[in-house]
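# Structural description and commentary
What follows is the residue order along each chain.
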Amino acid sequence: MKYDSCPMIRAIVVVLVVGTMMCSPAQGAVANFYVATNGNDAWSGKLPAPNAAGNDGPFATLSRARDAIRELKANGGLHQPVKVLVRGGTYYLAETFTLESQDSGTISFPITYMAYPGAKVVLSGGRPVTGWKPYQGNIWQCDLKALGLGKLTFKQLFYNGERQPLARFPNVDPQRPRTGGFLYIAEGGMKGSKKLLKYDPSKLDPSRWANPTIAEVNVCPYHNWNNNIMPIAEIDTANHIITLARNANYTLTYDTRFYIRNAFEELDAPGEWYLDSKTKTLYFWPPDDDLAQGQVVVPALDNIIHIKGEGANNPACYLRIGGFAIQACQVHAVHLTAAQHCTVAKCTITNTGHHGVHVDGSDNRVVGNDIAYTGAGGIYVDGRNNLFSNNHIYDTGVILKRYPGITIRGRGNIATHNLIHDVPGFGMRFRGHDNILEYNEIHHVGLETNLPGGIYSWVGSDSTAVGGTIIRFNRVSDAVGWGMPSPGQWQSGGGGTGIWLDGRYVSDNTIYGNILIRNKRTGVDIHGGLNNIVENNIMGSGIPSTCNHVRPEDVPCHNRIVRNIVYYANIDPWLQRVYGWTMKTITETTASASATPVFVCGWSSMKAAIAESDYNLLFPISGADIDALLYYRGAGVGWRGSWVNPPVEDRFSWWRSLGYEAHSIIADPLFVDVANDDFRLQPDSPAFKLGFKPIPQERIGLYPSPNRASWPPAEHWDIWREDMRMRVAAEPKARPEFKAAKDTTAIIVDGEVGEWPWHDTTQTAVLQQSSSGAATNAPKSYACAAYDDEALYIAVRNLVRDPKLLKTEGEWGGKDGLEIALEDISGDVLGPILNLYGYPDGQFESVTTAGASEQVARKLGETVTYAAQIGAEDWSCEWRIPWAATGIDPSKAKKLWFNIGVRKIAADAWVIWEGTGGTIYWLDNAGD
């Protein structure tokens, strides 16, 4: 098969055409209308600002601009492209901005609604809430009727642009908002029920609730496959059973996690709120003390923009939406129905109740958008020949966990060059025919559900539903899976898959040239499909690399697994135990074969599963032994029966005797730098002799374009990933120690550090590692520490090649600065990670980036003393961090978890005391 044939060319051409659509005028002159916050719908709309006489200027609303275009069309039709340019400001839309078939443009004369060049334009479907009055304690109240908002019903509230939790129990755990804050169904729960939830009365007391049937249960049934939010029908307090108003998707098993929300009596923490639907009173505990200065917004509109055709025979066509910040709605931010040749580009979409963009139609384009903090997924499409390119999608599924970053249903759709990460379940899901999924970067998926996949497809009994899709040149990493049914207990089974074809009719698909690494469960999973090709992929650190669950009736599936590179780093015995009971394989010999170097097969015979497995390169690294690479061991007896190891010592030769891997080899593929995820192959790689073709890794992911909402995209690290990091079998690493001496003198915090004992190596920490732990070539930094009964003192000397090159302007990470992270581990509960930034100009910040609450960070920032000086060859700083502000008792906390790092702009490097493999404040990977 040729992978550079027509579909690939089509994808590239479409992207290039779209690349100019928002930034260059179309053929011919452009008719412009303008909208501004100081506009007037009685004016002509043809001026970008009010004139001096104050009798003409821009419109005030998008709907008036739309109507002006209707008038233009009625008076002779379109003879040129039309643009509506919206000046900067926030527009609270009175109603959904709807564009119908009558508002269509044409292929030569499209109609564009876009932000004025350089302006930040916010289109909000929300309503500001003002007029707050004290209620009791820290809780405020507001009469929505008095604001004319009495008809609103909502389950979302945003404070200063951030979503706040509906009153709940247990409260959100600020240290572990993804994995903490849950109850678990009590032992002896109602077996097999989807409706009856048994609770532990020592942890939950529903008798406190005046209106229990108004409360809702957010539950993750069965093995955390998704979540359901359902009302309560009744509560049996004598037997401790909650009856849900309807069935959950799956059974409610013992240790299923859940929490209660929408109970007024549980409004007891900062950020929580509650709407009394009868009195139309809104109650809110603001997360800070500045409610008068803050802004509360609640969603009022279902959709903010709706492009709405009248069916396939009369669609809405050639309409373009671009450059807006679109936020705060009940359902979708942008909804396209019966739409053709329409575009949504360069938008920043946040805080929706459901999807960011929902498309129903054909030949539409969703390109260059940033989509985050949605209630469900990022983009959802049902149609043909639509393009989704260069979108950055992250932190979706805030309310509903089952929706992926991108969902595709239909035929001939293309998803290319998207970046999807930090989502609760699947990264991308498809169903249909002849779709192309290529050059996407997907990482850190499955953070809140189990059995996730980076790219996933499923179909049940419909044999015509999925086929012919090409999945190529994607990079999928760190698909992990929930794996924690109760605090501190890791669930056996499940985990993340790189690419998962889940269902017996997911057939005739090609998986080519993908990089699939650190996916907890497997690289590729084929669950009963036919005629699938797995070729020229790099798969690593997953167990196994390819998993084939074959139909029980032994129907030949004709799947091919050829020319792949399979490598393993630190084979994880825990995962071996997990998979032992599922991977029983019936072969043509009397032995049960679990010796599967490239794939594992379940339910049926390998001959039925795999037509060909050959020309693969296998490589165990970082101490993984060949035996562990080639087979699973130690499972004993499982629910599928007993099994034993293959009966010969040379398991690879034994496997070849079954007709597989005749030309496969065990060798080092010679990656350029596998430790830093550079999987390019060196010129003399043995993989090339097997026919392996280079993967264009440099083309994967987002690309710069005038139609990108942001560039470069902000580096986004979800600080809660550490709960989901895979457990791998490795020798425990001794934590380095940085010793603080007891101070008997009064340290003066002035930035002058000459008095510190830099000559004493036992009291000096050397900062020279990168985030990965490797040594850097950047100038080193040095740190000393001391303490007394009142405070902790830290001094840092940062060598630089030229102090004149220090950058002191910009945001954190974009200028020179220093970061300190520390955590008290002396108690039964870990303390918050305290996080401080310091700069060469003497400024410093106490931040919540590592998870400390606003109150903790503010208290620390108010009491810390900091000073810095710039010298001839370095810049230095000193800190005084009072124990009282940290909550740490120095008489008990003899050891703190700690790390320190410096951003050096001129060297383009982070210089860290202990590289964690990620951020500086991943203290469980740092030192003491």
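Residues numbered from 1 in each chain as written. Predicted model: local features only at pLDDT ≥ 70, side-chain atom pairs only at ≥ 80, totals over all residues. Heavy atoms only, no water.

## Some remarks on the overall build of the chain
Across its full length, the chain holds nine helices and 73 strands. In the chain, buried positions account for 57% of the 928 residues. Summarising the internal contacts of the chain: among those between residues at least 6 apart in sequence, 66% fall at separations of at least 24. Counting every atom, the chain has about 36,800 Å² of accessible surface; 51% of that belongs to carbon and sulfur. (Helix = DSSP H or I, 4+ residues; strand = E, 2+ residues; numbered from the N terminus. Buried < 20%, exposed > 50% of the residue type's maximum accessible area, 1.4 Å probe, protein only. Contact = heavy atoms within 4.5 Å. Areas by Shrake-Rupley, 256 points an atom, 1.4 Å probe, with all protein chains shown as cover.)

## Digging into the pairing of strand β19 (residues 273–276)
Relative to strand β20 (residues 281–284), β19 runs antiparallel, the two sharing four bridges. By the bridge assignment for β20, W273 is matched with F284. Counting the residues in the hairpin turn of β19 and β20 gives four residues, including K280, whose phi is positive at 60 degrees. (Pairing = 2+ DSSP bridges.)

## What to know about the packing of aromatic side chains
The final tally for this structure, using the stated rule, is 27 aromatic pairs. Both rings, one in F264 and one in Y274, keep their centres 5.2 Å apart while their planes meet at 50 degrees; by these two values the pair is tilted. Note that F264 is positioned in the loop between β18 (257–261) and β19 and Y274 in strand β19, a separation of 10 residues in sequence. Connected via pairs of aromatic rings, a cluster forms that spans Y135, F264, Y274 and Y283. In this structure, R257 packs its charged tip against the face of F182, placed 4.6 Å from the ring centre. If you follow R563 out to its NZ or CZ, it ends over the ring of Y615, 5.0 Å from the centre. (Phe/Tyr/Trp six-rings, centres within 6.5 Å; stacked < 30°, edge-to-face > 60°. Lys NZ or Arg CZ within 6 Å of the ring centre and 35° of its normal.)

## What to know about the pattern of salt bridges
Across all of its chains, the model carries 29 salt bridges by this definition. The partner of D478 in a salt bridge is R518, with the nearest N and O atoms 3.0 Å apart. Residue D478 is found in strand β44 (residues 475–479), and its partner R518 is found in the loop between β48 (515–517) and β49 (522–527); the two are separated by 40 residues along the sequence. The class of D478 is buried, set by a relative accessible area of 11%. Across the salt bridge formed by E612 and R560, the nearest N and O atoms sit 3.0 Å from each other. Taken as a pair, E612 in strand β56 (residues 610–614) and R560 in strand β53 (residues 559–562) lie far apart in primary sequence, 52 residues in all. Accessibility expressed as a relative area gives 27% for E612, which makes it partly exposed. The partly exposed category is assigned to R560, whose relative accessible area is 26%. Several salt bridges converge on common partners, so that one network encompasses R66, D67, R70, E100 and D103. (Salt bridge = Lys/Arg side-chain N within 4 Å of Asp/Glu carboxyl O.)

## So, the environment of T253
In this fold, T253 is placed in the loop between β17 (241–244) and β18. The exposure class assigned to T253 is partly exposed, which follows from its relative accessible area of 23%. Sequence separation between T253 and S193 is 60 residues, and the spatial gap between their C-alpha atoms is 7.9 Å. What T253 contacts, discounting residues up to four positions off in sequence, is I185 and Y222.

## Some remarks on the nonpolar core
Taken as a class, soluble globular proteins show a tendency for nonpolar side chains to be buried jointly. Within the largest apolar cluster, 80 residues are counted, with the highest numbers of intra-cluster contacts made by Y113 and F324. By residue number, the principal contributor to this core is helix α2 (residues 62–74), which donates four residues. In this structure, F324 is in contact with V86, Y113, M114, A115, V121, L123, K346, C347 and T348, ignoring residues within four places of it in sequence. In terms of nonpolar packing, the next biggest core, distinct from the first, is built from 35 residues, F738, L860, A868 and I900 among them. (Core = buried A, V, L, I, M, F, W, Y, C linked by side-chain atoms within 4.5 Å.)

## Here we look at the environment of D236
Along the chain, the position of D236 falls in strand β16 (residues 228–236). Those residues in contact with D236 that sit more than four places away from it in its chain are Y199 and I241. A distance of 3.1 Å separates the side chain of D236 from the backbone nitrogen of A238, its partner in a polar contact. At a separation of 2.7 Å, a polar atom in the side chain of D236 contacts the side chain of N239. (Polar contact = N/O pair within 3.5 Å; in protein donor to acceptor, adjacent residues only side chain to side chain.)

## Observations regarding the sheet that holds strand β11 (residues 162–163)
If you trace the four strands from one edge of the open sheet to the other, you get β7-β21-β10-β11, paired in antiparallel fashion. What marks the edges here is a single partner per strand, and that holds for β7 (126–129) and β11. Here four bridges tie β7 to strand β21 (residues 296–299), and the two strands are oriented antiparallel to one another. Along β21, the bridge assignment pairs P128 with V297.

## Let's talk about the confidence of the model for the chain
Here the chain averages 84 in pLDDT, while 82% of its residues score no lower than 70. Across residues 485–493, confidence stays below pLDDT 50; counting only partners more than four residues off in sequence or on other chains, it has 30 contacts. When the criterion is pLDDT under 50, residues 722–732 qualifies, and its contacts beyond four places in sequence or with other chains add up to 30 contacts. (pLDDT = per-residue confidence, 0-100.)

## Some remarks on the pairing of β49
Each regular strand carries side chains that alternate between the two faces of the sheet. Buried residues dominate β49, accounting for six of its six residues. Sheet topology note: the strand β45 (residues 497–502)/β49 ladder contains five bridges and is parallel. Looking at β49, one finds that L501 is bridged to I526.

## Structural notes on the side chain of N532
Inspection of the secondary structure puts N532 in the loop between β49 and β50 (533–535). In this structure the side chain of N532 is engaged in a polar contact, spanning 3.2 Å, whose partner is the backbone oxygen of V506. When neighbours within four sequence positions are excluded, N532 is seen to be in contact with L501, V506, S507, D508, N509, I526, H558, N559 and R560.

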